[in-house]
Amino acid sequence: MSVREIPLYIDGQAVPSQSGEWRDVVNPATQEVVSRVPFATAEEVDRAVASAKEAFATWRKTPLGKRMRIMLKFQALIREHTGELAALITEEHGKTLPDAEGEVGRGLEVVEHACSITSLQLGEIAENAASDVNVYSLHQPLGAGAGITAFNFPVMLPCFMFPLAIATGNTFVLKPSEQDPSSTMRLVELAHEAGVPAGVLNVVHGGPDVVNQICDHPDIKALSFIGSTPVGTHIYNRAGAAGKRVQSMMGAKNHCVIMPDANRSQAINNVLGSAFGAAGQRCMANSVVVLVGEAHQWLDDIVEGARAMKVGPGTQRDADLGPLVSKAARERVLRLIGVGEQEGATLALDGRGISVEGYPDGNFVGPTVFSDVTAEMTIYREEVFGPVLCVVSVETLDDAIAFINANPNGNGTAIFTNSGWVARRFEADIDVGQVGINVPIPVPVAYFSFTGSRGSKLGDLGPNGKQAIQFWTQTKTVTERWFEPENISSGINSTISLH
């Protein structure tokens, strides 16, 4: 099998990098090297930003209708190439093909939303705010924007960024994860096939040096990040100090509350899918289940349901979860499982040592369940980002709400109940940005904004929905008056009032 060399994408063309630093990208189920990705040089990053800056002069004036038609073509191409994109995701990330297809679908939703740009970017007007005076606002693009994405959703996360950014008239420089870049690059190719002009969408690859250069670059006006808390905090502070508008969607410790009145099998199946799908490598995974009252008795069912889940390569369609993205990720998860044991949690199901027939070198960890978990334990405090579920037992809904609100993160949470009163109370009192009621992974549909809170988010505005339009535009307010040709001046007005 030939190894792909991942190019940069600058000024509408795939560009071979001149970098001396390259990283192997491996299939996590086999350890086979499938591609090589360059860490762009400083000069290459400057070229990408310069291309975006130059293209902005004309792209910002491109009619809304034309931008809409490009997005319409783009969404059609994504739909047509879903299978191809999903296969690339699975090959480099490891998630199952059905999960990868679902990822492409969620990214597609954002592009479909961007097709409504002709109504999303409308301003406001007040006629006759004063005598013969109209006041109106315009939502204008900022300039060259940038996006930095994590490995776990190599198609969906870029779609959370550049489609709405360029639909609003900005240009863009994207830095995808170096761990699984091929599906991102194919997405960018499809965007250009749809008609995105040269320079409007550029791609560079790399590590901390490239990230810092993007943060510092004076021609980047806004920066969107989705990934870990340490990196997101660094980016928010550094790019903010450089005068940029920044949004950082970061780490999580999501909780799923199960009330004793919930449908038992539905609640358990949903918790298992949320906790262990994509091998737990989702920022919206419910990695903590909070059993309330008599629901404590459901622990054995949770363990047996997890034990029955099938682990296999992502290409095996009946697998419930695939491998972790890298050996390093697997080693970290195994270490944290050991720490959980040492700190006194009960290991109700141990996913270590699992073997998958035909894939002896895969980065596999089976579903793992800890019970008797407390808030002081490392496996609760840290985002494990693997197939590890922590089970906490409390007596009342009040206890569950207090426990969740005491966690520093506020990305997502869910509750399973058949009581409307309980659901409403939970929704009102929980201090978390995204709430699911009988929905285990409450990622909002694309025409609502992604709204993590507290330690999971820095910046006032999130991706998607109306907030994304606000993030990628600046408001210009115009106050205008036109005089009749024969109008006689009524004299000097030295006050602040409009007459």
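Residues numbered from 1 in each chain as written. Predicted model: local features only at pLDDT ≥ 70, side-chain atom pairs only at ≥ 80, totals over all residues. Heavy atoms only, no water.

With an unreviewed UniProt entry as reference, the chain is termed methylmalonate-semialdehyde dehydrogenase (CoA acylating), source organism Litchfieldella rifensis. Word for word, the UniProt comment on the chain under Sequence similarities (unreviewed entry) is "Belongs to the aldehyde dehydrogenase family." (UniProt positions renumbered as here; feature names shortened; annotations may be inferred.)

What follows concerns the sheet that holds strand S6 (residues 124-130). One open sheet holds the three strands; their spatial order is S6-S7-S23, and the pairing between them is antiparallel. Edge positions in the open sheet fall to S6 and strand S23 (473-481), since each of these has one partner strand only. In this sheet, neighbouring strand axes are inclined to one another by 25° on average, regardless of whether the strands run parallel or antiparallel. Where strand S7 (residues 133-141) and S23 come together, nine bridges link them in antiparallel fashion. (Pairing = 2+ DSSP bridges. Helix = DSSP H or I, 4+ residues; strand = E, 2+ residues; numbered from the N terminus. Axes fitted to C-alpha atoms, helices over the stretch in contact; angles between N-to-C directions.)

Of note, the phi angle at Gln31 is positive, near 70°, even though the residue is not glycine. Considering the arrangement of structural elements, one finds Gln31 in the loop between strand S4 (22-26) and strand S5 (33-38). For Ala279, which is not a glycine, the phi torsion comes out positive at approximately 55°. In this fold, Ala279 is placed in the loop between helix H11 (264-276) and strand S14 (286-292). Ala279 gets classed as buried once you look at its relative accessible area, which sits at 1%. (Buried < 20%, exposed > 50% of the residue type's maximum accessible area, 1.4 Å probe, protein only.)

On to a nonpolar patch on the surface. On the surface, Val445, Tyr447 and Phe448 cluster together into a nonpolar patch covering about 330 Å² of accessible area. Among the secondary structure elements, Val445 is positioned in the loop between strand S20 (434-437) and strand S21 (453-454). The exposure class assigned to Val445 is partly exposed, which follows from its relative accessible area of 33%. (Patch = residues over 30% accessible without salt bridge, like charges linked within 9 Å, V, L, I, M, F, W, Y side chains within 5 Å. Areas by Shrake-Rupley, 256 points an atom, 1.4 Å probe, with all protein chains shown as cover. Salt bridge = Lys/Arg side-chain N within 4 Å of Asp/Glu carboxyl O.)

On to the packing of aromatic side chains. In total, this model carries eight aromatic pairs according to the counting rule given. Seen from their ring centres, Tyr380 and Phe403 are 5.1 Å apart, and the 45° between their planes marks the pair as tilted. Of this pair, Tyr380 sits in helix H14 (residues 378-381) while Phe403 sits in helix H15 (residues 397-405), and the two are 23 residues apart along the sequence. This pair shows no difference in class: Tyr380 is buried, exactly as Phe403 is. (Phe/Tyr/Trp six-rings, centres within 6.5 Å; stacked < 30°, edge-to-face > 60°.)

This brings us to helix H8 (residues 182-193). Residues separated by three or four positions in an α-helix point in the same direction, a consequence of the helix having 3.6 residues per turn. Relative to the 16 Å expected for twelve residues at 1.5 Å per residue, H8 spans 17 Å between its end C-alpha atoms, a close match to the ideal helical length. For H8, the buried fraction is high: ten of the twelve residues fall into the buried class. Listing the buried residues of H8 in full gives Ser182, Ser183, Thr184, Met185, Arg186, Leu187, Val188, Leu190, Ala191 and His192. (Expected span 1.5 Å × (residues − 1).)

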